[in-house]
Structures are given as structure tokens and as C-alpha cells.
Amino acid sequence: MAHVSESVLPHKLSLINHPMAVWCRSFLKTVTYHRRFIIKTTVNFTYIRRMSGDTKSLKIGTHNGTFHCDEVLACFMLKQLPQYKDSEIVRSRDQAILDTCDIVVDVGGVYDPKKHRYDHHQRSFNESMSSLCDGKAWVTKLSSAGLVYLHFGRRLLAQIFELTAEDPIVETVYDLMYEGFIEEIDGVDNGVNQYDGEPRYKVTTTLSSRVRNLNPAWNETSFDEQGQFMKAMEMVGSVFLDRVLFYKNSWLPARSLVEEALNNRHKVDESGEIVCLSAGGCPWKEHLFQLEKSLDVSPTIKYMLYTDTAGKWRIQCVPVRPDSFSNRLSLPSDWQGLRDDELIKKSGIPGCIFVHANGFIGGNQTYEGVLAMAKYSLKQQIT
């Protein structure tokens, strides 16, 4: 059950032995989640309070006026948690009103997780993932989205994946989501430059800009601010969940395949420098580089073997970096640009289909043929 503070549950002691509370603690409530995604979650104390006659709901506070991607996402993430699922979002800059809220994001001038206050605008605030979370390297100043993700992200991901917060998969995706999603929102909101120098082109379709565009035009007189805020939260939440579910349904299964193939590399070739994937089309580069490092693989992998959509075999060179066009060891230069019989004659290997002119990929009719291409290519290292 998610932790609930004393301030959130003023009647906790009187409720703890309530007959309905006893029943609720053993009850798992199944709820329909984003796009037919099903989550099983223990009913929390908010539900117990309602069943026992206390109908006071929790309140999430943020500022009114122009809204931004960071507090929109912060509110969305909180409302995915059982504790805050039915919370009212209160938008105000009146401190007396904010003081009535159970949790406040992006306003109030206070960062105090014990009191559930998550603002980042005060002059004294200069926190990052690196400064607040041991072992994390990101130094971008946190926005309210980053702060909520820091404190609640693992719990949210564990809920979506139906795992414990301590599961290694949760921590892996936690890092991926920060680096590939949340950090951008932190940087944009805090005015952190992505790079030095003049940009070569403008980027105007980021999530932050899409949220900004839902605010009224300067000369617009009739406007449903709360309705637009909720519209922004739905849009941002959809993108957030799509990314998380991509990691769950596509990225993580691919990682398992790459790790299995990497562990079996010596069965493919005694050199340990050739890896064969059991499923073609699996994205492998990012996983390979991460796993080589975490598993201390030596020597590094030079070639990946896999099937294409037609069931033929491919050999692809491992690049020096995931985003590089340079290879650790390209296919032989005298094969490059050749096809079919010409390539078979030149290589002496049956079944050759092609080798790209840049030497980064080739094909063969059979597994035995593509493996022979890889083994021959490895000999280029021997001097």
C-alpha cells in the first residue's frame, strides 16, 4: 500500500481498526487503465475514508493562469497513483487556498517532500537528479515534473508494470524515462540550453510547446482555463503512458533477447565477437552497448546476425557508438558493393546475397553462410 502521511489522514488511528478498513486491506481492486491496460492495486486509505463516511477527497494544488508542461505532467503522474486518483486539482496562487491542499506542485515557493510541497522557482532551489538521487548523473535543474517523478516515479512505474518498486526493470525504465522524456521538460521549463551556439533550425513541436499553445492567445477574451488545463493533462499523459508502455511492451522484451544472445555468443563462435539474435527486427544497438558495459564483455562484439522479413540472414557490423556510421570492424573492402554470384565468387562463400557499398551490412541465404561471412571478416583483425 502506498505510504500516506499523518497530515493526509488525520483520522488514521480511528480508522485503522474500522471493520471496513480490515476488509479493504485484503481487497484487490481491479481498475481499467489507459487503453485497456489493467492494473491491480490495493485499495488505499482514501477509499477506506469514503466507505466509512468521510468523503473529504485529497487536493492537488498548482498555480492558475498560464500553464506549462511541467505542472501538467506532474498533476497527471500524481493522479495515476491510487492515493491521488480521485483528487481535485486546485489551481490558485492564493497561499491560503494552497495551504488547504494535500500536495502542491510548481507554486508556493517551497520544496519540502515531507510536507508534499514541490516548487522549484525559489532562488535557493538548484536541485537536480544528481544532487537528490544517489548514483544518478543528470545535472539539469528539476522542474515540478522532475520533482514529482523523482519522488513518485518508481511507484508509478511499478504500478504500471505490476512489479515491486525495487525490481531492476523498474529502475532501468526509471532512468530511461528521465533521460528520454522528463529531462527535456525540466530543461525547457528552467530555460536550460540544450547546446551552445546558434541552432541550425527551430524545433516547434515539442511537448512543452504543444502545452503552451493550449493557453489563450494574447487577444483572446473568452477562455475556459480549467478546461484547457485538463485537455493539456490528457495530451501529456497520453504521451507519457505511450512512452512507458513502449518500454514495457517493446523495449524490455528486446533487451531480454539481446542479453540472451550475448550470453550465448561463445556457442556461435569461440571468439565471442559474433552474436546471433533469435528474432529478426529486434532493436539491439542501445541494449548491446549498455549490456557490454554492465556485463564487462571483452572482447567487444563486432557482428550481429539475424533474419530479415523474408527469412534470409543478415550480418550487421556493430558501430563504434549507437548513433555512429563508423563500424568497429566493417565487412571486407573487396566485398563492398558486390551482389549474388559476383560476391559468392569473390568471397568463396555459398549463398551470398549482397554487401552494402559502405560495408556495414550484408546478407546470405542461410545461417551457415552468414556465419561464414562473419568468421572470415573477423580475420581482418589478425595482422
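Worth saying up front: this structure is predicted, and the values here are computed from it rather than measured.

Asks: Break down the pattern of salt bridges for me, citing the residues and quoting the values.
Replies: According to the stated counting rule, one finds 10 salt bridges in the structure shown. Here Lys136 and Glu171 are joined by a salt bridge, their closest N and O atoms 2.6 Å apart. One end of the pair, Lys136, is in the loop between α6 (129-132) and α7 (144-161); the other, Glu171, is in helix α8 (residues 168-190), and 35 residues separate them in sequence. One salt bridge connects Asp308 with Arg314, and the closest N-O pair in it is separated by 3.6 Å. Several salt bridges share partner residues, and in doing so they unite Lys136, Arg154, Glu171 and Asp175 into one network.

Asks: Lay out the sheet that holds strand β7 (residues 117-118) with the relevant residues and their values.
Replies: Spatial strand order, β4-β3-β5-β7-β6: 5 strands in an open sheet with mixed pairing. Each having just a single partner strand, β4 (88-91) and β6 (111-112) make up the two edges of the open sheet. Pairing of strand β3 (residues 59-62) with strand β5 (residues 103-105), which is carried by 2 bridges, proceeds in the parallel orientation. The residue bridging Gly61 from the neighbouring strand is Val104, located in β5. With respect to the sheet, helix α10 (residues 225-263) is in contact with β3 and β4, its orientation differing from that of β4 by roughly 125 degrees.

Asks: I'd like a rundown of the nonpolar core, residues and numbers included.
Replies: Core analysis: the largest hydrophobic core is formed by 57 residues, its most contacted members being Leu73 and Phe240. Elements that contribute at least two residues to this core include exactly α4 (69-79), β5, α7, α8, α9 (207-212) and α10. With 12 residues, the top contributor of residues to this core is α10. With residues near it in sequence (within four places) discarded, Phe240 still touches Leu73, Phe76, Met77, Leu156, Met177, Phe181 and Ile182. If you look at the next biggest cluster of nonpolar residues, it comprises 21 residues, including Val268, Leu338, Val355 and Ala374.

Asks: Which residues make up helix α12 (residues 285-294), and what values go with them?
Replies: Every buried residue belonging to α12 is among His287, Leu288, Phe289, Leu291 and Glu292, and all of these are buried. Contacts from the buried residues of α12 go to α10 and β9 (303-307). Two residues or fewer past α12, Asp296 is found with a positive phi of approximately 55 degrees.

Asks: Tell me about the pairing of β3, residues and numbers included.
Replies: For β3 and β4, the ladder comprises 4 bridges, and the chain directions are parallel. Within β4, the position partnered with Gly61 by the bridge is Val90. Between the parallel elements β3 and β4, the chain passes through α4 in a crossover that is right-handed.

Asks: An account of the sheet that holds strand β8 (residues 274-276) is needed here, citing residue identities and associated values.
Replies: Reading across the sheet, the 5 strands line up as β8-β9-β10-β12-β11 and stay open at both edges, with mixed pairing between neighbours. Two strands close off the open sheet at either side, each with one partner strand: β8 and β11 (352-355). On average, each strand axis in the sheet is inclined to that of its neighbour by 20 degrees, with strand direction left out of account. With 5 bridges joining them, β9 and strand β10 (residues 313-317) adopt antiparallel strand pairing. Residue Met304 lies in a different strand from β10, and its bridge partner there is Gln316.

The rules behind each value
- Residues numbered from 1 in each chain as written.
- Predicted model: local features only at pLDDT ≥ 70, side-chain atom pairs only at ≥ 80, totals over all residues.
- Heavy atoms only, no water.
- Salt bridge = Lys/Arg side-chain N within 4 Å of Asp/Glu carboxyl O.
- Helix = DSSP H or I, 4+ residues; strand = E, 2+ residues; numbered from the N terminus.
- Pairing = 2+ DSSP bridges.
- Contact = heavy atoms within 4.5 Å.
- Axes fitted to C-alpha atoms, helices over the stretch in contact; angles between N-to-C directions.
- Core = buried A, V, L, I, M, F, W, Y, C linked by side-chain atoms within 4.5 Å.
- Buried < 20%, exposed > 50% of the residue type's maximum accessible area, 1.4 Å probe, protein only.
- Right-handed = clockwise from strand over helix to strand, strands pointing away.

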